[in-house]
Amino acid sequence: MSTYNILHTSLICPRCGVAVDATIDCHFGYTAEMADLQIGDRYPWQPGKQPQNGGRPEHGTVNCEGYMECVHCGKDAFLRVIVRNDVIIGVEPDAQRLGHIPD
């Protein structure tokens, strides 16, 4: 079982177009404590590690993969979690990556 941080935010589901309160799984950075996060929070990094191993990326800036399942339609979607200067500033749909659950 892998660990991940959970980002709580409101967004428009990329699959059904309905506004939902979403929980987004974030499998990057320091995930051992499975932090509950919101937009505007500082993102946790693993001290002394390379970015690919959970460490801080250059300038604390990265667009990383997030994953959600919609509470309205039950479909899933991949998102980009946007972190700038160590702070989560937003999420956006990842149009390049389809969900696992078929339409």
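For the structure itself, consult the block above.
My aim in this report is to walk through the structure given alongside it, one point at a time. Bear in mind that the values here come from a model prediction, so they are computed numbers and not experimental data.

Quick word on the pattern of salt bridges
Right, on to step 1. Inspection of every chain in the model, using the stated rule, returns seven salt bridges.
Right, on to step 2. As a salt-bridge pair, Arg56 and Asp86 come within 2.9 Å of each other at their nearest N and O atoms. Pair noted here: Arg56 is in the loop between strand S3 (36-38) and strand S4 (62-69) and Asp86 is in the loop between strand S5 (76-84) and strand S6 (87-93), with a separation of 30 residues, a long-range link.
Right, on to step 3. With a relative accessible area of 42%, Arg56 lands in the partly exposed category.
Right, on to step 4. The exposure class assigned to Asp86 is buried, which follows from its relative accessible area of 7%.
Right, on to step 5. Across the salt bridge formed by Asp94 and Arg80, the nearest N and O atoms sit 3.4 Å from each other. A residue pair is termed long-range when its members are at least 10 positions apart, and Asp94 in the segment after S6 and Arg80 in strand S5 qualify at 14 residues.
Right, on to step 6. When its relative accessible area of 15% is taken as the criterion, Asp94 is described as buried.

Some words on the pairing of strand S2 (residues 19-26)
Right, on to step 1. Relative to S2, strand S1 (residues 5-12) runs antiparallel, the two being bridged by eight bridges. The partner of Leu11 across the bridge, within S2, is Val20.
Right, on to step 2. Connecting S1 to the next strand, S2, in antiparallel fashion are six residues, including Gly17 with a positive phi near 80°.
Right, on to step 3. Sheet topology note: the S2/S4 ladder contains two bridges and is antiparallel. The residue bridging Asp25 from the neighbouring strand is Tyr67, located in S4.

Things to note about unusual backbone geometry
Right, on to step 1. The phi angle at His59 is positive, at roughly 60°, despite the residue not being glycine.
Right, on to step 2. With respect to the helices and strands, His59 occurs in the loop between S3 and S4.
Right, on to step 3. Residue His59 is classed as exposed on the basis of its relative accessible area of 51%.
Right, on to step 4. You will see that Asp86, though not glycine, has its phi angle at about 75°, which is positive.

Some thoughts on the environment of Gly54
Right, on to step 1. Mapped onto the fold, Gly54 is located in the loop between S3 and S4.
Right, on to step 2. When the C-alpha positions of Gly54 and Thr31 are compared, they lie 7.8 Å apart, and in sequence the two are 23 residues distant.

Here's the deal with the side chain of Asp94
Right, on to step 1. One polar contact links Asp94 to Arg80, side chain to side chain, over a distance of 3.4 Å.
Right, on to step 2. Each residue touching Asp94, except ones within four places of it in the same chain, is listed here: Phe78, Leu79 and Arg80.

Conventions we followed
Residues numbered from 1 in each chain as written. Predicted model: local features only at pLDDT ≥ 70, side-chain atom pairs only at ≥ 80, totals over all residues. Heavy atoms only, no water. Salt bridge = Lys/Arg side-chain N within 4 Å of Asp/Glu carboxyl O. Helix = DSSP H or I, 4+ residues; strand = E, 2+ residues; numbered from the N terminus. Buried < 20%, exposed > 50% of the residue type's maximum accessible area, 1.4 Å probe, protein only. Pairing = 2+ DSSP bridges. Polar contact = N/O pair within 3.5 Å; in protein donor to acceptor, adjacent residues only side chain to side chain. Contact = heavy atoms within 4.5 Å.

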